[in-house]
Each structure stands twice: as C-alpha cells, then as structure tokens.
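Inside the fold
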Amino acid sequence: MRTSKEGRNTKAAQGTASHTWNRWVVETLVVVVVIVALDVLFSFALEQYGSLSSVMWSEYRAAAGENIDTVVVGSSTSQRAFDPTALDDALGTSTFSMATPAQPLDDSYTAARQAIEDHHVRRVILGVDYESLSNDNWAGSHVAFARAKMEGESLPRASADYWKLLVSPAFVRRADSLCALFPWGYNHVKLDPSSVVANVRERLSGDDALEAAKVVNGGWTYYGRGYGNYDYLIDYSQARKETSVAIHGLSDFKQTCLDQVADIARLCRENGVQLVVVVTPRPAFNVLVYGEKYPEQMELLQDVAEAQGATFVDANLLHADVYSPQDADFGDGEHLNHAGATRFSQEFASLLRALDEGQDVGSLSYSYDGWDQYLASIRQISAVVSRLDVSSDGTATVTAQSYTGTDVQVEYRFLLMGEDGSMTVLQDWGSSDSCEVPEGSRGRVTVCARQVGSTADYDRYCMQGLAH
Amino acid sequence: MDLLSLSFVLFLAVSLAAYYLVGRICRNAQWLVLLAASLAFYCLAGRWQTLAYMLACAAITWAAPLGLARMDAACRAERAAAPDRAARRAAKAAWARRRRAVLVASLAACFGMLAYLKYWNVLLYEVGLAASPSSLGLLLPLGVSFYTFQAASYLVDAYNGRFEPQRNPLKHLLFVCWFPQVIQGPINRYADLGPQLLEGHSAKGVPVRRSLLRFGYGALKKYAIANMLVGTIDQIFSNVTPGIPGSVVAFGILLYSAQQYGDFSGGIDMVEAASSLFGVRMAENFRRPYFSVSLADFWRRWHITLGAWMRDYVFFPFAVSRPMRALGARASRLGEHLGRTLPACVANLLVFLIVGLWHGAEPHYVAWGLYNGLVIALADLLAPAFSRANAALRVDESSRAHRALCVARTFLVVNVGWYFDRIYGFGDSLLCLRNTFTNFAPQQFHLWLMQAGVLDSTLKFMVLSAVACLLVFAVSLAQERGVDVSGRILGWNCVVRGVFYFLVIALVVVTSFLTQNVAGGFMYANF
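Residues numbered from 1 in each chain as written. Chains lettered and ligands numbered in written order. Predicted model: local features only at pLDDT ≥ 70, side-chain atom pairs only at ≥ 80, totals over all residues. Heavy atoms only, no water.

As a further point, take the domain arrangement of chain A. One frequent convention defines the size of an interface as the accessible area lost when the parts assemble. Residues and elements named next belong to chain A. Structurally, chain A comprises domain 1 (62-137 + 217-375) and domain 2 (383-465). The distance between the C-alpha centroids of domain 1 and domain 2 comes to 35 Å. With 10 residues of domain 1 at the contact, the number on the domain 2 side is 13 residues. When the two sides are added together, the surface that domain 1 and domain 2 hide from each other amounts to roughly 970 Å², 57% of it contributed by carbon and sulfur. (Domains from an automatic or database assignment. Contact = heavy atoms within 4.5 Å. Buried area = accessible area lost by both parts, 1.4 Å probe.)

Here we come to the packing of aromatic side chains. Inspection of every chain in the model, using the stated rule, returns 74 aromatic pairs over all chains. Ring centres of Y290 of chain B and W302 of chain B lie 6.1 Å apart, and the angle between their planes is 55°; this geometry places the pair in the tilted category. A residue pair is termed long-range when its members are at least 10 positions apart, and Y290 of chain B in the loop between α10 (246-276) and α11 (295-301) and W302 of chain B in the loop between α11 and α12 (304-319) qualify at 12 residues. A single burial state applies to Y290 of chain B and to W302 of chain B, both of which are buried. Here the aromatic residues Y256, Y261, F264, F286, Y290, F298, W299, W302, F352, W368, F411 and W418 of chain B are joined through ring pairs into a cluster of three or more. Against the face of Y236 of chain A rests R460 of chain A, its NZ or CZ located 3.9 Å from the ring centre. Geometry around W95 of chain B places R98 of chain B over its ring, the cationic atom sitting 4.3 Å from the centre. (Phe/Tyr/Trp six-rings, centres within 6.5 Å; stacked < 30°, edge-to-face > 60°. Helix = DSSP H or I, 4+ residues; strand = E, 2+ residues; numbered from the N terminus. Buried < 20%, exposed > 50% of the residue type's maximum accessible area, 1.4 Å probe, protein only. Lys NZ or Arg CZ within 6 Å of the ring centre and 35° of its normal.)

Our next topic: the nonpolar core. With 167 residues, the main nonpolar core has L4, F8, W178, F179, F278, W299 and W418 of chain B as its most contacted residues. Of all the elements, α10 of chain B adds the most residues to this core, at 13 residues. By size, the runner-up hydrophobic cluster in this structure holds 81 residues, among which are M56, Y227, F285 and A310 of chain A. (Core = buried A, V, L, I, M, F, W, Y, C linked by side-chain atoms within 4.5 Å.)

Every α-helical turn comprises 3.6 residues, leaving residues that sit three or four positions apart pointing alike. End to end, helix α17 (residues 400-422) of chain B covers 32 Å across 23 residues, agreeing with the expected 33 Å (1.5 Å per residue, within 8%). Regarding α17 of chain B, the residues found buried are H402, C406, V407, T410, V414, N415, G417, W418, Y419, F420, D421 and R422 of chain B. (Expected span 1.5 Å × (residues − 1).)

All names here are of chain A. Strand order across the open sheet formed by 3 strands is β8-β9-β12, with antiparallel pairing between neighbours. Bordering the open sheet on either side are β8 (383-390) and β12 (434-437), each of which pairs with just one other strand. Averaged over all pairs of adjacent strands, the angle between strand axes in this sheet comes to 25°, irrespective of strand direction. By the bridge criterion, 8 bridges tie β8 to strand β9 (residues 396-403) in an arrangement that is antiparallel. Its bridge partner lying in β9, S386 is registered against A400. (Pairing = 2+ DSSP bridges. Axes fitted to C-alpha atoms, helices over the stretch in contact; angles between N-to-C directions.)

Glancing now at the packing of helix α1 (residues 6-25) of chain B against helix α2 (residues 30-45) of chain B. Residues and elements named next belong to chain B. One way to put it is that α1 packs onto α2 with a least axis distance of 8 Å and a crossing angle of 165°. Judged by the inter-axis angle, α1 sits roughly antiparallel to α2. Considering the relative orientation of α1 and α2, their crossing is right-handed. Facing F8, F11, S15, A18, Y19, Y20, V22 and G23 of α1, the residues of α2 in contact are Q30, V33, L34, A37, A40, F41 and L44. Per-class residue counts for the contact of α1 with α2 are 12 nonpolar, 3 polar and no charged. (Parallel < 35°, antiparallel > 145°, perpendicular 65-115°, else oblique. Left-handed = near helix turned anticlockwise from the far one by under 90°. Nonpolar A, V, L, I, M, F, W, Y, C, P; charged D, E, K, R; others polar.)

On to the side chain of H335 of chain A, then. All names here are of chain A. Residue placement: H335 occurs in the loop between β7 (311-314) and α17 (338-356). Residue classification places H335 among the buried residues on the basis of a relative accessible area of 8%. Here the side chain of H335 touches S76 through a polar contact of 2.7 Å, side chain to side chain. Sequence-distant contacts of H335, that is, excluding residues within four places in its chain, are made with S76, T77, R80 and F330. (Polar contact = N/O pair within 3.5 Å; in protein donor to acceptor, adjacent residues only side chain to side chain.)

Attention now moves to the pattern of salt bridges. Scanning the entire structure with this criterion turns up 36 salt bridges over all chains. The residue R497 of chain B makes a salt bridge to E27 of chain A at a minimum N-O spacing of 2.9 Å. Of the two residues, R497 of chain B sits in helix α22 (residues 494-514) while E27 of chain A sits in helix α1 (residues 4-46), which places them in two different chains. Looking at E27 of chain A, the relative accessible area reads 14%, which means it is buried. (Salt bridge = Lys/Arg side-chain N within 4 Å of Asp/Glu carboxyl O.)

Turning next to the interface of chain A and chain B. With 28 residues of chain A in contact, the opposing surface of chain B contributes 26 residues. Among the residues chain A hides against chain B, the three largest losses belong to V31, R173 and L178 of chain A. Together they make up 22% of the total. Counting the contacts that link chain A with chain B gives 2 salt bridges. Taken together, the connections running from chain A to chain B amount to 8 residue pairs in polar contact (both at pLDDT 80 or more). Broken down by secondary-structure element, the contributors of at least two residues to the side of chain A that touches chain B are α1, α7 (139-150), α8 (155-166) and α9 (176-179) of chain A. Top element by residues in the side of chain A that touches chain B is α1 of chain A. It accounts for 9 residues. In terms of residue class, the side of chain A that touches chain B is made up of 19 nonpolar, 4 polar and 5 charged.

To continue, consider the confidence of the model for chain B. Residue and element names in this part refer to chain B. Of all residues in chain B, 98% have pLDDT values of 70 or greater, and the mean over the chain is 92. Across chain B, the element-wise mean pLDDT spans from 84 in helix α19 (residues 445-451) up to 97 in helix α6 (residues 169-177). Two numbers describe this predicted complex: its pTM, 0.84, and its ipTM, 0.84. (pLDDT = per-residue confidence, 0-100.)

As a further point, take a nonpolar patch on the surface. Residue and element names in this part refer to chain B. The grouping of Y116, W120, L123 and L136 at the surface amounts to a nonpolar patch, some 390 Å² of accessible area in total. Along the chain, W120 turns up in helix α4 (residues 85-126). Owing to a relative accessible area of 40%, W120 belongs among the partly exposed residues under this scheme. (Patch = residues over 30% accessible without salt bridge, like charges linked within 9 Å, V, L, I, M, F, W, Y side chains within 5 Å. Areas by Shrake-Rupley, 256 points an atom, 1.4 Å probe, with all protein chains shown as cover.)

Quick look at the environment of A224 of chain B now. For A224 of chain B, the location among the structural elements is in helix α9 (residues 208-237). Not counting the four nearest positions on each side in its chain, A224 of chain B is found in contact with A219, S465, A468, L507 and T511 of chain B.

Moving on: the pairing of β7 of chain A. Where a strand is regular, its side chains alternate between the two sheet faces. Residue and element names in this part refer to chain A. Judged by which residues are buried, β7 turns out to be covered on both faces: T311 and V313 on one side and F312 and D314 on the other are all buried. When strand β6 (residues 274-279) meets β7, the two strands line up parallel, connected through 4 bridges. Paired with V278 across the two strands is V313, which belongs to β7.

See below:
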C-alpha cells in the first residue's frame with residue numbers, strides 16, 4: 001500500500017521530470033533558432049547576390065507572359081555560345097537562354113522541364129562540352145541554381161525544390177546533402193571584408209539581380225532573353241593554361257551523365273519537343289588536346305542522343321563551308337565571346353532551318369569514324385605550347401608542340417628573352433621542335449611557330465619560363 | 001554513404017524510430033531491428049555482393065563454439081564413464097586435441113578468407129603473377145578485418161570458456177555485423193557488446209545531446225582536418241625525388257599525423273555517437289594518443305581495441321609459450337631484467353609485425369610494424385639504463401617538464417614511424433628520413449611545394465585546419481586533465497551554445513565544400 005508521503009514523492013518526481021523535459025525542449029529550440037538566425041545572417045552577407053543563375057531565373061520569370069518556343073540549356077559554354085536574338089532574327093523563333101555557369105545536366109533537365117510546362121516550347125537546345133559529361137557535378141552550381149530558382153517561388157514550392165536537391169543522387173549520400181542547408185558555404189563571395197561589404201551593400205541598394213550581376217561580373221553585358229556574354233579575346237600564347245585538360249584533367253564520360261542526357265532526350269520526346277544536342281565550338285587546340293579520346297567519347301554521347309530521337313551536332317566538326325570559327329571568336333579556350341556567339345548563332349540558325357526542312361544535318365559535319373578527315377581539314381596552327389626538361393646534368397631543353405592539322409608542316413624559332421628585355425635567337429627557323437638552352441640563361445624562351453613557306457614573323461607563339 | 005549525409009541521418013532516424021517503437025511493444029524483439037538495420041546498412045554503405053563473406057564468417061564463428069560446447073559435454077561423459085584416472089586423462093587429452101583442431105580450423109577459415117580477399121592479389125602482384133594489386137577484381141568487403149578480428153575474438157573466448165556460446169545464429173550475426181562498427185571498428189568483445197545489443201533499451205536513458213555533440217566533434221576532425229590535408233599530403237609524397245627537401249618531408253609527415261588522427265578518431269567518434277543513440281556503448285578506440293609518454297603508451301591510446309586484441313590473442317599466448325619461457329630462462333643467466341623482458345620483446349616484435357601486415361602486405365607496412373616493435377622492445381630492454389641515467393642526472397620523473405619532454409619525444413618517435421606508414425616505398429621512406437636530417441633546406445620549402453602542385457590558396461585554407469587542430473588540442477588537453485568537456489559545453493547558456501555550434505558547423509560546411517573532390521570514405525574502411 002502506498003503512503004501519502006510516497007505519493008507526494010512520486011508527484012514531485014514527475015513534476016521534476018516534466019520540468020526537466022520542458023527545459024530541455026526550450027533550450028533545444030533556442031539553440032536551433034540561434035543556428036537558423038546565424039545561417040540567415042551569413043547567407044545575407046556571404047551568398048552571392050546577382051549570380052548569373054539568379055539573373056536567368058529572374059529574367060525567365062519576368063518573361064512569364066511572353067511567347068518562348070525555344071530554350072537553350074547547358075553550362076557556361078552553352079550560355080556563351082547561343083545568342084537568342086541572332087537565332088530569332090534568322091529563324092523567326094522566340095528563344096530564351098536558360099543556360100547557367102557550370103549547370104549540371106540534371107539542372108538542365110529541370111530547366112527544360114520548366115520551360116516545357118510553362119511555355120510548351122517546341123525546341124530545346126542542349127549545349128555541352130567534353131567536361132559536361134566527364135566531370136563530377138559541382139555542388140556549388142547545383143546550390144546556386146536551386147537557390148536562384150527558389151527566389152521567385154512560394155515557400156512550399158521553394159522548400160520542395162530544395163528538398164529535391166538535397167535528396168538528389170548527387171547529394172543525398174554526401175556531406176553536401178546536410179551542408180547545403182548552409183547555402184552561403186557553397187555560393188559565396190570572395191571571403192575578404194571588401195567583397196562581403198560590397199555584397200551586403202549591393203543587396204541593400206535595391207538593385208535587382210541583373211544590375212547586381214553587372215557589378216559583380218565585371219565586363220559582362222546582358223543582351224536580353226537570358227543571354228549575356230563578355231567581349232574579351234583569348235590569348236593563344238597562353239594555350240597551355242587554357243586547355244580543358246590542363247584545367248579539369250582528362251577522364252572518360254560518366255555513365256550517370258550519359259543517362260542524364262538520355263533523360264532530357266526522353267523528356268523532350270515524350271512531350272513532342274525537338275531536342276538538339278550541340279557540342280559547342282572551341283579553338284581547335286582545345287579539341288586536339290584530347291587526342292583519340294575525343295572521338296571515342298563523343299561518339300558515346302552521339303549514340304545516346306540519337307537513340308532517344310535527338311539530333312546531335314558537334315559544332316567543332318562542322319564542315320568549313322557550314323561554320324568555321326575565327327581566332328577572334330573566342331573569349332578563352334572553352335567559351336565564345338559575344339561576337340563569336342552571334343556569328344555562331346547565325347550559322348547555326350542555318351543548320352536548324354535545314355533540320356526543320358527535314359534535311360540530314362549529319363552530312364554537314366565530319367563523323368567520329370572519319371576523325372582523320374577532320375584532322376586533315378585543319379589548315380592552320382591553332383596553338384603552340386612548350387615544356388621545359390632539365391636533365392640530371394643540368395641541361396635544359398625547351399620542346400614545342402603545335403596543335404594543328406595532319407597535313408600542316410610547321411617550323412619553329414626559339415628566342416631567349418633576357419630579364420633585361422634583350423632578345424637573342426637561340427635557334428632560327430627550322431623543323432626541329434626542340435632547342436637546348438645555354439647554361440646560365442635567365443629570362444624566358446619565346447617559341448614561335450609558323451607554317452613552312454610562310455614569311456610571317458609567327459603564326460602562333462608561346463613563352464617558356466626557365467627554372468633558375 | 002558518408003556518415004555526415006542526409007541518407008545516413010534518415011537511415012539513423014528510421015532505425016531509431018523502429019528500435020524504440022518496437023521496444024514499447026516488445027523489448028525482447030528490439031535486437032531484430034538492430035540486425036535488420038545492420039544488414040541494410042551493410043548493403044547500402046558497402047557492397048551487397050560481399051555480404052556472403054561476412055555471413056560465412058558469422059556462420060563459422062557461431063557453429064564452432066557450439067561444436068566445442070558439445071565436445072565439452074562429450075568429454076565430460078567419456079571421462080565420467082572412464083574406468084580409471086589414466087583413462088580419464090587420456091580422454092581429456094584426446095578431446096583437447098579435437099577441440100584445438102576445431103579452433104584452428106575455424107580460425108584458419110576466417111583468416112583464410114581475410115588473407116585471400118586482402119593479400120592474395122597483392123602477393124601475386126609482388127611475385128609478378130598479377131598485372132596490378134587489384135587486377136583479380138576481388139571485392140573487399142566493408143570492414144573485413146574488423147569483423148574478422150571481432151568474430152575471431154568471440155571464437156577464442158568461447159574456446160577458453162569465458163562465456164556460454166550464443167545459440168541463436170541471428171543474435172550472433174548481429175554481434176558480428178553491428179553497423180556502427182563495420183566501417184572501421186572498434187573491435188568489440190562479445191562480453192561487453194553482446195549483452196547490450198540483445199537486452200533492449202528505452203529512449204529515456206539515451207544521452208542524445210552528448211551523442212550529437214560527439215558526432216559533430218568527429219565530423220569536425222574528419223572534414224576540417226583529415227579531408228583538408230589529404231590532398232596536400234598526396235601531392236607531397238606522390239613524387240618523391242632524391243632532392244626532396246627535408247622541410248617539405250617533415251611538413252608532409254606532420255600533416256599526415258593530423259590527417260590520420262582526424263580521419264580515424266573522427267570516424268570512430270561518429271560511429272560511437274551513432275551507436276550510443278541506440279543505448280549501445282562500444283569500446284573506446286582512442287584516448288588522446290598524442291599525449292602519450294612512450295611508444296608503448298601510444299599504442300595503449302591509439303587504436304586501443306586492436307592493441308588489446310593483439311595483447312590478448314597474440315602477445316600473451318606467445319610470450320608465455322614454452323619456447324619463450326625457455327628463452328627467458330636462458331636470458332636470465334645474463335641478468336634478471338633481460339630474462340624477464342626478452343620474451344616480451346620478441347612477442348612485441350611479432351605483434352607489431354602482424355599489425356604492419358594488417359595494414360597491408362607491402363614492405364613499407366612491414367617496416368613500419370617492425371620499427372614500432374623494435375622501439376618498444378629496446379625501450380623495455382634499456383629501461384633500467386634510462387632509470388639509472390635519470391637518477392644520475394637527478395631528473396624528477398614526476399615533474400610536468402619531464403612529462404612534457406616525454407610527450408614531445410614520443411610524438412617525434414611516432415612521426416618517424418609515419419615515414420614508413422605513409423610513404424609508399426621502403427626506399428623512398430629511407431630517402432625522406434635521410435633528407436629530413438641531412439637536407440632540411442627550408443629555403444626550398446615554398447618552391448618545392450609549388451612544383452608539387454600545392455597551390456598558395458591550399459596553404460592559405462590550411463588556416464581552417466589549424467583552427468580545428470587547436471580546438472581538438474584544447475579539448476584533448478582538458479580531457480587529459482579530467483575535465484568533462486561535453487558536460488561543460490552542455491552547461492553553457494543555450495544562446496552561447498547555439499553560437500558555438502554554428503561556428504563549428506560553419507567550419508565543417510566550408511571545409512566540406514573545399515574538399516568535395518576528396519574521397520568521402522574513411523582510411524580504415526577497407527581494412
């Protein structure tokens with residue numbers, strides 16, 4: 001039998017337990033609120049305001065009432081290859097570019113689906129390059145894309161979109177799936193006080209995303225319909241640093257990426273939308289740098305696209321009478337500049353017109369089976385690069401390599417540019433691609449290359465620093 | 001599946017909900033949830049194709065002790081029926097031989113699987129019969145060494161009659177495949193872990209906040225220290241040339257010291273935390289090893305459960321074996337200390353040879369193991385000389401300064417060992433060791449790092465790792481002084497705690513983002 005004292009003790013114990021529980025809940029809530037508040041504060045200060053993804057989405061939403069029948073999706077190479085105005089002027093279409101920097105293929109799928117749902121577009125142009133299919137998805141661009149998409153959405157829709165990102169195959173098994181709850185860690189400004197202050201000031205200024213993007217991305221111009229570009233020109237003497245292999249490494253296409261292309265093609269097919277998969281133009285040296293990997297891997301992409309009923313075009317392999325890029329068309333080794341994009345879009349419009357007329361566009365370019373024909377079609381030196389070898393006895397040798405067609409004969413000249421600016425010819429024009437550097441030389445070796453028979457000072461050149 | 005991932009959080013949440021819900025209905029059935037979760041985790045995190053190896057290991061180590069128990073019963077019956085003492089002794093000896101044969105056969109089967117999966121391809125490669133160390137395409141099961149060692153300990157303990165063998169094969173399977181331990185240990189003992197897994201728990205007694213704190217601490221070590229440093233270490237040691245400056249080598253080894261501790265102990269913190277959310281406390285595997293005062297002390301604080309396993313199942317049986325006793329007796333003619341310590345020294349060499357081989361069949365691992373064994377053996381043998389020297393120099397062995405000196409000395413000795421562990425070529429290890437002392441060349445430090453591809457920005461971001469290291473050092477120092485750090489933090493004002501948690505999370509978020517291309521797995525996951 002329980003005494004009254006025992007009963008009082010039990011009640012007191014229950015009261016204490018209840019009090020402890022309440023205190024625990026309140027403390028936990030406070031901790032969570034503090035963390036969320038700091039997360040919001042950090043996002044405000046550090047998350048890039050005016051990213052190109054947010055420009056795309058805000059402009060896309062602004063065009064909600066307009067007619068859009070063609071969309072361009074893909075990463076920056078696609079974003080800077082297609083000028084919607086040039087396409088529309090030639091074709092009478094209404095194109096919008098939904099391509100964003102480093103856009104992963106599953107985000108291209110999201111963009112294409114959104115455009116199909118909202119505008120019932122009739123054509124999707126997916127611009128890709130080698131790295132679109134060989135590189136791991138960069139979580140930062142996923143987050144930037146998702147966050148920009150969320151900005152104009154209702155809270156439930158935005159939350160659902162972000163949840164979808166967190167549970168996507170690229171995220172769910174990795175730390176990114178939790179860390180992306182702190183988006184400022186993924187899409188942040190430079191972590192120095194002046195950049196942070198500028199970012200906060202831009203947010204508070206009342207500028208919209210587009211105005212902010214112009215400030216953030218110096219030299220970038222917005223031309224409308226989701227498209228913006230730069231005007232700068234590639235420096236071919238820096239080709240060694242500009243090759244995608246130097247920047248990203250060389251690996252085979254990932255099956256997941258090929259599957260994502262197939263998903264986009266399936267989406268388009270099921271909705272009666274024409275899909276054109278385009279390998280965007282780049283300087284020839286940045287195609288040749290892949291060697292035999294390029295045709296081997298690109299053929300896989302072509303097979304996947306065509307198996308799903310899409311049209312495949314490799315702009316780098318188009319016959320010269322269809323499209324032939326000029327040196328000044330490129331901003332760097334991977335991207336066209338604005339003039340280049342306009343020129344390419346005008347030429348590409350002809351190809352789309354041929355496609356619309358039911359012509360076989362496959363005959364307009366070299367095939368991967370006929371890779372040798374493509375190599376023979378290159379009639380100029382695209383770039384020259386060099387390397388320095390120092391043997392165990394200290395002898396330094398500079399060796400040049402030209403990226404050019406198989407039928408082009410190249411000759412080289414090696415000059416030593418001293419630290420005082422003086423120039424000495426180490427080896428005059430000749431077919432030898434290597435040159436021994438005299439012991440004790442200081443400065444840089446300039447390697448000039450030109451086609452045999454040419455009287456030009458050089459067609460291309462590069463500089464080779466010397467180890468001291 | 002990374003431990004710090006939504007998939008693991010969801011997996012854990014579903015498992016915990018199922019575990020405590022089932023506990024409300026039928027506490028005796030809770031272990032079934034743990035078993036289901038463990039098998040599911042194995043398939044999700046590892047390769048389901050390798051599940052058969054673990055099941056085979058569990059089946060062998062379940063059946064053999066039951067067989068041994070039956071043999072014990074048969075032995076007792078035969079002895080009871082024996083007409084005289086000689087017959088009883090003969091029966092006992094005969095059954096003992098049979099029991100030993102069963103034990104040896106079972107251990108051979110378990111370790112045979114381990115050897116085949118882990119070493120066969122490497123051995124074929126070393127003798128030129130395989131194209132590469134992985135050309136046979138053998139799939140290494142997740143945590144194969146850990147569950148094999150754990151199952152083997154169960155077998156030997158059952159053989160020695162330490163407990164009644166588990167009759168239920170599924171309960172035994174749970175002990176072998178308990179999911180927090182399969183990634184990289186610790187190597188638990190049945191007497192400690194088995195009852196906890198089977199007894200069932202209620203959510204009330206679970207130290208949730210402490211567990212989450214420990215999980216976060218582990219994540220900090222893993223992401224902000226280990227993952228941040230691993231790339232630079234690879235760049236430094238993937239191209240060892242004769243001219244590599246000692247300053248670069250020493251830098252790389254120090255980074256490795258931090259990376260290895262961050263990776264292994266960080267991972268252990270995370271799995272210990274996950275396990276404790278189910279009310280199951282696993283064996284501790286680290287006790288602030290860089291505060292050790294000797295190499296032997298280090299091995300009592302670093303990978304504790306492997307050290308204890310080796311002590312119980314290799315060191316002691318070998319050190320007290322007949323040949324070792326005979327060696328001790330012979331050595332005692334040269335001095336009592338030598339007679340007492342020489343068998344232990346030889347046993348230590350054997351133990352560390354096995355520890356080296358456990359890490360891999362490559363010569364540099366063997367060298368690393370032998371280095372550790374040799375240093376510990378020499379320290380034991382020379383202990384009286386050291387004591388005499390200390391006495392002669394009037395060194396106060398109980399002073400703080402002496403302790404600090406011992407800690408620093410041990411840190412150096414451990415780091416010399418890492419040369420053989422991390423530099424994947426015995427010749428390169430020796431070269432790097434030589435250059436550390438004869439060609440330190442600090443003026444070449446920066447240039448050489450640049451040539452190895454270590455960017456200035458990478459070095460700049462190492463400040464984040466340094467901050468994390470300082471935090472870990474402060475926590476370790478406090479723990480070394482007996483402070484309950486978790487308790488202190490949980491006692492803070494909740495706003496301060498929220499800010500502190502956020503700053504730690506921020507460090508993990510930033511470093512996780514910076515190291516996205518680093519493999520997410522743990523160094524010891526394939527051991």
